[in-house]
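# Structural overview for review
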Amino acid sequence: MVTLRYEIEGGNFNLAGRASSQVKKVLKQLNIDSRLIKKIVVALYEGEVNIVAHAHRGVIEVAIKPDRVDMILTDKGPGIPDVEAAMREGFSTASQKVREMGFGAGMGLPNIKKNTDCLHIDTKVGSGTTLTMTKYFDHGEE
Amino acid sequence: MELEKVIQLLEARLVSGSIAGKRIDRGFCSDLMSDVLTIDTERIILITGMVNLQTIRTAEMADIQTILLVRNKKATPEMIRLAEESGITVIETPFSAFKTCGLLFTEGLKPVY
């Protein structure tokens, strides 16, 4: 098993995606199928951008196991007041600054769900959010 | 379509990576990186006027090998550095997104959907 951990700084778009990029490099080194890598890193990158866009800071923990990748993204931030709404395509609470970076179209969480096999959102308004997601290597692929 | 032809057609300039022998099958035009991340088609060219580091990061995550910057937008040195690290080809054209897409479509480049 390979475990990776990254500290994410809220608001710093210059560094957004660095953790996901590192994870992609490790997955490539482990010879994981490139289509699976894409799904994993797109989900992770969406989550990483969400932390940068909405939270004060966060931590990304990735565990690469023989049959799957487990990813836990924990942030200290505003939390999500309405998870059901946040899961709808097009719903967004992103700031103008975030939209100017090309994000905040309300596609993040739905896209994470599409690219992973399990997604659990644990959130508390005014405290923060934890996303727990899993992608299996031999599951749900055509 | 050969990237060499894209450069010729769009009076474009290569600023990162190489075009030798490279081909693209489809094009996707968007300034919204959120939408780009939903694409799972291979060998596409991303046509965009969004110029920041996240354009390169998005391409890296979505396995997009070629980015075409329209409206005479210039890639920043940081973008070029990251694109080179990630093996991404970046091209700049003075043409608008509309004209760029029109020319590429007319020449047979297919849309993603």
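Source: prediction; values computed, not measured.

We now examine the sheet that holds strand β3 (residues 68-76) of chain A. Within a sheet, neighbouring strands are paired by backbone hydrogen bonds and run either parallel or antiparallel to one another. Residue and element names in this part refer to chain A. Read from one edge to the other, the open sheet built from five strands follows the order β1-β2-β3-β5-β4, with strand pairing classed as antiparallel. One side of each edge strand has no neighbouring strand; the edge strands of this open sheet are β1 (2-9) and β4 (118-124). Within this sheet the neighbouring strands show an average axis-to-axis angle of 10°, counted without direction. Bridge count for β4 against strand β5 (residues 128-136) is seven bridges, and the pairing is antiparallel. Bridged to lysine 124 within β5 is glycine 128. With respect to the sheet, helix α2 (residues 34-54) is in contact with β1, β2 (57-64), β3 and β5, its orientation differing from that of β3 by roughly 5°.

With that settled, consider the packing of α2 of chain A against helix α3 (residues 53-61) of chain B. The N-to-C vectors of α2 of chain A and α3 of chain B enclose an angle of 150°; their axes lie 9 Å apart at closest approach. For the pair α2 of chain A and α3 of chain B, contact is made by Lys38, Val41, Val42 and Tyr45 of chain A and by Gln54, Arg57, Thr58 and Met61 of chain B, respectively. Residue composition of the contact of α2 of chain A with α3 of chain B, by class: four nonpolar, two polar and two charged.

With that out of the way, let us pick up unusual backbone geometry. At asparagine 31 of chain A, a position not held by glycine, the phi torsion is positive, near 60°. Its location among the elements puts asparagine 31 of chain A in the loop between α1 (18-29) and α2. Phi angles above zero are rare outside glycine, and asparagine 72 of chain B is one such case at about 60°. Counting through the fold element by element, asparagine 72 of chain B comes out in the loop between β4 (66-69) and α4 (77-86). Overall, the relative accessible area of 42% leaves asparagine 72 of chain B in the partly exposed class.

In this complex, chain A contributes 26 residues to the contact, which on the side of chain B involves 21 residues. Buried surface at the junction of chain A and chain B, summed over both partners, amounts to about 1,900 Å²; 52% is from carbon and sulfur atoms. When the buried area of chain A at its contact with chain B is split by residue, Lys24, Lys38 and Tyr45 of chain A rank highest and sum to 28% of it. For the interface between chain A and chain B, the tally reads one salt bridge.

Of the residues in chain B, 100% reach a pLDDT of 70 or more, and the chain-wide mean stands at 96. Predicted complex metrics record ipTM = 0.92 and pTM = 0.94.

Quick look at the packing of aromatic side chains now. Applying the stated rule across the entire model yields three aromatic pairs over all chains. Aromatic side chains phenylalanine 13 of chain A and phenylalanine 103 of chain A sit 6.5 Å apart centroid to centroid with 15° between the ring planes, which places their arrangement in the stacked category. Here phenylalanine 13 of chain A, found in the loop between β1 and α1, pairs with phenylalanine 103 of chain A, found in the loop between α4 (96-100) and α5 (108-115); they are 90 residues apart in sequence, far enough to count as distant. Ring-pair connections join several aromatic residues into one group, and the members of that group are Phe13, Tyr45 and Phe103 of chain A. A cation over an aromatic ring shows up here: lysine 99 of chain B above the ring of phenylalanine 95 of chain B, its NZ or CZ 4.0 Å from the ring centre.

This paragraph deals with the side chain of serine 20 of chain A. Counting through the fold element by element, serine 20 of chain A comes out in helix α1. Using a relative accessible area of 0% as the deciding quantity, one classes serine 20 of chain A as buried. Serine 20 of chain A has contacts with Val41, Leu44, Tyr45 and Glu48 of chain A together with Met61 of chain B, leaving out every residue within four places of it along the chain.

Reading the values: the criteria
Residues numbered from 1 in each chain as written. Chains lettered and ligands numbered in written order. Predicted model: local features only at pLDDT ≥ 70, side-chain atom pairs only at ≥ 80, totals over all residues. Heavy atoms only, no water. Pairing = 2+ DSSP bridges. Helix = DSSP H or I, 4+ residues; strand = E, 2+ residues; numbered from the N terminus. Axes fitted to C-alpha atoms, helices over the stretch in contact; angles between N-to-C directions. Contact = heavy atoms within 4.5 Å. Nonpolar A, V, L, I, M, F, W, Y, C, P; charged D, E, K, R; others polar. Buried < 20%, exposed > 50% of the residue type's maximum accessible area, 1.4 Å probe, protein only. Buried area = accessible area lost by both parts, 1.4 Å probe. Salt bridge = Lys/Arg side-chain N within 4 Å of Asp/Glu carboxyl O. pLDDT = per-residue confidence, 0-100. Phe/Tyr/Trp six-rings, centres within 6.5 Å; stacked < 30°, edge-to-face > 60°. Lys NZ or Arg CZ within 6 Å of the ring centre and 35° of its normal.

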